[in-house]
Each structure stands twice: as C-alpha cells, then as structure tokens.
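Chains, contacts and geometry: an overview
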Amino acid sequence: MSVLKPFVFMAAFAASASVFGQATSSDRDSAQPQSMESNEQESAAQSGAEEASQDENSIEVIDIIKRDTITESALDDRLEGDKEALDNVFAITQHRQNYLLPITYVSNPNTTGNDDLTDENVDNREAKFQVSAKLPLYLEDTGFDGVYFGFTLTSFWQLYNSEASKPFRETNYEPEIFWQETADYSVLGYKFNTFQVGFNHMSNGQSGLKSRSWNRLFASIVFSDNDDIYYLKTWYRIPEDEKEDPLDPTGDDNPDIEDYYGRMEFGYGRKIGAFKMLALLRNNLDFDENRGSIQLDLTYPISDRYEVLLQYFNGYGDSLIDYNRSQERIGIGFQLLFL
C-alpha cells in the first residue's frame, strides 16, 4: 500500500480537477489549500512507510540475536536440576559425568604408573570409574551465576588382575575453580546456556618418572536447541620450567602434552528417543602432526536416576599416564542421569 498511495492521491486530484474545471476563481482558490493539505498527507504517509520499513529491518536484526528466557532446549532439565540443588545447602551437584564401568577392554595399557605391573602381567581388562562434583563458593543474588569449585576423579582399576593383586593402574585428579554464567541469549534459534572461564589443574598424584601434571586457564561455552547440545572448550597451558634432570621434582613432567592431549575440545549431544548420545572430540590443531581423540557415550535410562552406559574411546589422553600413547577402549556400565 505504501508504494500505491502516491498514485491514488494523484488520481483523486485529477478527477477533482476534471469535475471542477468550470469552477469560479474563488472556487479554485479554495481548492488550492485542499491540494496543499493533500500533499502534506501524502508526505506524511510516505514518511510513515519509511519508518515502518526501518522498524521491520530492526526487528529482523533483533530476531537473530535476542535475550531469551522462554525457548526450550535439550539442556533445560539439567540446568533446572542444578538450580534446585543450590536451594539445598546440604547438596552438591554433578560437574561432569559420574559413572562406573565394571568391565572395559583397553588395547595398549601403560604400566609406568604402578611398580607391580609389567608388560607381561598387565591385563587389558580393567574397571574404570569417574566421580565429579561442583559446589558454589560465591553466588550472585539471582540465578546460579557465580564462582564454583569443581573436582573430578577418574580411576583405572586392574580389577581382574589377580596375578598383580588387582592394583589401580592410574588415577587422575582434576580440581578447578571457575566463574559460571547463564547466557540466556538465542542466536539463529540456538540458545546459549552457560559460559565458564577458570583455572584447571590435572595430575596423577605421582612423583619422579611416574609424575604427570599440568595447569591451564580455560574458557568454555554450551549452547543448544530443542534436540541438540553443543559444547566448545579451549585452554592456555601455564608454562613450566624445563627439567634439568628427569628425576627433578620440579619442572615440567610432560612438556609435549598439548601435542597429544590437544588444545581444544568439542562436544555434541543428542536425544534419540529414549537413547542419549554424547560425543567428545579433542585435537591439537596441528595439521602436520595431527593428533587427538574421540569419546562416544551412548546411554539408556533404567530408572529416574540411573542409565546404562556404553563408552568407546580412541586416541590420545585416555589417562595422563597414557597421554602420549594411542589407546582404544570400550566398556559398559552405569552412570547417574546426566542430561
């Protein structure tokens, strides 16, 4: 209509001139103000149409990036559970996955971490379990934005190795402190859920030649739509001094760990009916000597609290003692509901 309005006014004016063509000069004088008034109305209409068009363009931009507390996403149940747990001063919440895999098969287990294990007696079958929790150190007045302490323990247990008295082959400890914030923004239909930035320490608690550890500053973000969850994390390793002697208790235990373990990781999760699939990929971002890993988790609920877990891993960094040794592992067990 905004394009046609000028032509409508012109046609009306021409018709008026034809009908009153024989009018007196006084009649023509009285028609002149009406014509001017018509032109002013036409100009106002055009100006209004331009403003409306600008408003429409503004709305399109706002629709791309907008504050969003209404749109549903695949992560809503998990975040709502975290918020409810924070209301209970006696509760702690899950940080990463909590699971027990009573039986796994690993292709190339490293014996360096335990004196009782050798290449001859190490068992390719072992149990693996992970315990991970976080608790708030400081929270803002509303929501659950604030500073958190997180701790993750992952252990590899030679449960079926009676010859070596069933030792723990490796245990990794990962304390971290971080700021977490809920984003509550949507971009192109994807809801940005949480953002974290913090400090991470990872160690196997050993000394001498068995010692593996490093410190990182990291940042991560989680976003999702109704069916899919996406996770992106990167880090900066805090430099350490080079060891003058391999047995020196100070200095860098694993100077090349980023070349194997990686420099960033990407996660993807999806609900497929009652099944849930979670994939985690790490990469060193080196095109000449590219290394990394992939872990695939497939779960199926067996109660409101527990799921059956099938886990597959391939690549570097299955554990810290194995950071520079390529491994393939598959296992089955149970985990606490995570997503």
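Criteria and cut-off values
Residues numbered from 1 in each chain as written. Predicted model: local features only at pLDDT ≥ 70, side-chain atom pairs only at ≥ 80, totals over all residues. Heavy atoms only, no water. Helix = DSSP H or I, 4+ residues; strand = E, 2+ residues; numbered from the N terminus. Buried < 20%, exposed > 50% of the residue type's maximum accessible area, 1.4 Å probe, protein only. Contact = heavy atoms within 4.5 Å. Areas by Shrake-Rupley, 256 points an atom, 1.4 Å probe, with all protein chains shown as cover. Polar contact = N/O pair within 3.5 Å; in protein donor to acceptor, adjacent residues only side chain to side chain. Patch = residues over 30% accessible without salt bridge, like charges linked within 9 Å, V, L, I, M, F, W, Y side chains within 5 Å. Salt bridge = Lys/Arg side-chain N within 4 Å of Asp/Glu carboxyl O. Lys, Arg positive; Asp, Glu negative; His and termini not counted. Charge placed at Lys NZ, Arg CZ, Asp CG, Glu CD. Phe/Tyr/Trp six-rings, centres within 6.5 Å; stacked < 30°, edge-to-face > 60°. Core = buried A, V, L, I, M, F, W, Y, C linked by side-chain atoms within 4.5 Å.

Moving on to the overall build of the protein. Along the protein, the regular secondary structure elements total four helices and 14 strands. Here the protein, with 339 residues, has 37% of them falling under the buried criterion. Considering only intrachain contacts with a sequence separation of at least 6, the fraction spanning at least 24 residues in the protein is 59%. For the protein, the accessible area works out to roughly 19,500 Å², and carbon and sulfur atoms hold 56% of it.

Here we take up the side chain of Q327. Locating Q327 in the fold gives a position in strand β14 (residues 327–336). Here Q327 falls in the buried class, since its relative accessible area comes to 1%. Looking at Q327, its side chain comes within polar contact range of the side chain of D322, at 3.2 Å. Beyond its immediate sequence surroundings of up to four residues, Q327 is in contact with V106, S107, N108, P109, N110, F313, N314, G315, D318 and D322.

Before going further, it helps to examine a negative patch on the surface. Taken together, D241, E242, E244 and D245 make up a surface patch of like negative charges. For D245, a relative accessible area of 39% translates into the label partly exposed.

A full pass over the atoms with the stated rule returns 13 aromatic pairs. Each ring, one from W214 and one from Y261, has its centre 5.3 Å from the other, and the planes form 75°; the classification is edge-to-face. Of this pair, W214 sits in strand β8 (residues 213–224) while Y261 sits in helix α4 (residues 257–261), and the two are 47 residues apart along the sequence. For Y261, a relative accessible area of 7% corresponds to the buried category. Geometrically, the ring pair formed by Y260 and Y323 is edge-to-face, given 6.0 Å between the ring centres and 85° between the ring planes. Within this pair, whereas Y260 is found in helix α4, its partner Y323 is found in the loop between β13 (306–315) and β14, the two being separated by 63 residues in sequence. A relative accessible area of 17% places Y260 in the buried class.

With that settled, consider the nonpolar core. The biggest cluster of nonpolar side chains holds 12 residues, and these are F144, Y148, F178, M202, W214, F218, W235, I257, Y260, Y261, L320 and Y323. When residues of this core are traced back to their parent elements, those giving at least two are β8 and α4. By residue number, the principal contributor to this core is α4, which donates three residues. If we skip the residues at most four places from it in the chain, M202 touches N172, Y173, E174, R212, S213, W214, R216, Y261 and L320.

As a further point, take the side chain of Q158. Within the secondary structure, Q158 is located in the loop between β5 (146–157) and β6 (168–187). Separated by 2.8 Å, the side chain of Q158 and the backbone nitrogen of D123 make a polar contact. The residues contacting Q158, other than those within four sequence positions of it, are L117, V122, D123, R125, E126, K166, P167 and R169.

Moving on, we come to unusual backbone geometry. Only a minority of non-glycine residues have a phi that is not negative, and only a minority of peptide bonds are not trans. One non-glycine residue, K166, lies in the positive phi region at around 50°. For K166, the position within the fold is in the loop between β5 and β6. Take K166: its relative accessible area is 41%, and that puts it in the partly exposed class. A positive phi is found at L285, a non-glycine position, where the angle reads about 60°.

Inspection of every chain in the model, using the stated rule, returns 16 salt bridges. The residue R329 makes a salt bridge to D318 at a minimum N-O spacing of 2.8 Å. Of this pair, R329 sits in strand β14 while D318 sits in the loop between β13 and β14, and the two are 11 residues apart along the sequence. Overall, the relative accessible area of 3% leaves R329 in the buried class. The structure contains a network of salt bridges with shared partners spanning E126, R169, D318, D322 and R329.

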